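Reading the structure
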Amino acid sequence: MEDLDRPREAAGSAAGIVRTLEQFGFEWDGAMIRQYDRREDYETALRRLHAQDLTFGCSCSRAQLEDELRYPGTCRKRSVAPPIPAATRLRVEPGHITFTDRIQGTYRQDVAAAVGDIILKRRDEIFAYVLAVVIDDAAQGITHIVRGADLLDNTPRQIYLQRLLDLPQPSYAHVPVLTEADGAKLAKSRRSVQVSSESPVAVLVSVFSLLGLVPPATLGSAPISEAWDWGIEHWNIAGVPKRLNLCVSH
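Scoring rules and cut-offs
- Residues numbered from 1 in each chain as written.
- Predicted model: local features only at pLDDT ≥ 70, side-chain atom pairs only at ≥ 80, totals over all residues.
- Heavy atoms only, no water.
- Helix = DSSP H or I, 4+ residues; strand = E, 2+ residues; numbered from the N terminus.
- Contact = heavy atoms within 4.5 Å.
- Areas by Shrake-Rupley, 256 points an atom, 1.4 Å probe, with all protein chains shown as cover.
- Buried < 20%, exposed > 50% of the residue type's maximum accessible area, 1.4 Å probe, protein only.
- Arc of directions from axis to C-beta.
- Axes fitted to C-alpha atoms, helices over the stretch in contact; angles between N-to-C directions.
- Parallel < 35°, antiparallel > 145°, perpendicular 65-115°, else oblique.
- Left-handed = near helix turned anticlockwise from the far one by under 90°.
- Nonpolar A, V, L, I, M, F, W, Y, C, P; charged D, E, K, R; others polar.

1. A word on the overall build of the chain
When its secondary structure is counted, the chain shows eight helices and nine strands. With the C-alpha coordinates of the chain rotated into their principal frame, the extents come out at 65 × 40 × 35 Å. The long-range share in the chain, meaning contacts at least 24 apart out of those at least 6 apart in sequence, stands at 68%. Of the roughly 15100 Å² of accessible surface on the chain, 52% is carried by carbon and sulfur atoms.

2. Some details on helix H8 (residues 224-234)
Within the sequence span of H8, burial applies to Ala 227, Trp 230 and Gly 231. Mapping the buried residues of H8 onto a view down its axis gives an arc of 95 degrees, with all of them on the same face. Projecting away from the buried face of H8 at angles above 90 degrees are the exposed residues Asp 229, Ile 232 and Glu 233.

3. Some points on the packing of helix H5 (residues 129-139) against helix H6 (residues 155-164)
Put simply, H5 and H6 touch, their axes get as near as 10 Å, and they point 60 degrees apart. In terms of axis orientation, H5 runs oblique to H6. The two elements H5 and H6 meet at a crossing, and its hand is right-handed. Here H5 contributes Tyr 129, Val 130, Leu 131, Val 133 and Val 134 to the contact with H6, which in turn contributes Arg 157, Gln 158, Leu 161 and Gln 162. Taken together, the residues of the contact of H5 with H6 sort by class into six nonpolar, two polar and one charged.

Structure representation (structure tokens):
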């Protein structure tokens, strides 16, 4: 459970996520792990990077950087002394990260040119997603990651960090996301709604279709376990589209 940003977490949201997963027939292998309980592991990784002089303190605020397309390296060569609040940034050197995504194909990015030195720990002492997810994946022995294509451009940053920490690189597959007509992610728009658990099989069948499968008409009335059995039996990652032609317009 990615629950590091406790100040912004809505009451009951974590329990709601678990409840929705259960209603849709998802299963997992053991007890749920919460990122909030793993902060010492992230701190250990941060200390390791600091010992190699790969991190530095940054006192820049969002307002100071709002006109920048990438972090310009403002604090790279200056020390930030307490009590000035400072984020911890990773020194990112020029060079391309290239990997082959199982759905999107070859992806290449120069992290330094794209975003600059990335934040690993915010000024409010909250660890960044990029650090937490890299440590968690390695700790759990994750070999294959399937997630939304909106995180495709974040992946080279994770691979860059994996290499610095001598961690294995998982295989990645980024599925397309539903968008508005202008290309904006539907889940982040004003018109996004919660997934309804009243007819989970119908929703699953719709998702199967979006992922390139051709469910039979009778599947919509089957028990949810049968719907999953059919989806698993017919799953073919080669048939997943890179993008969804379906756009939701006003």
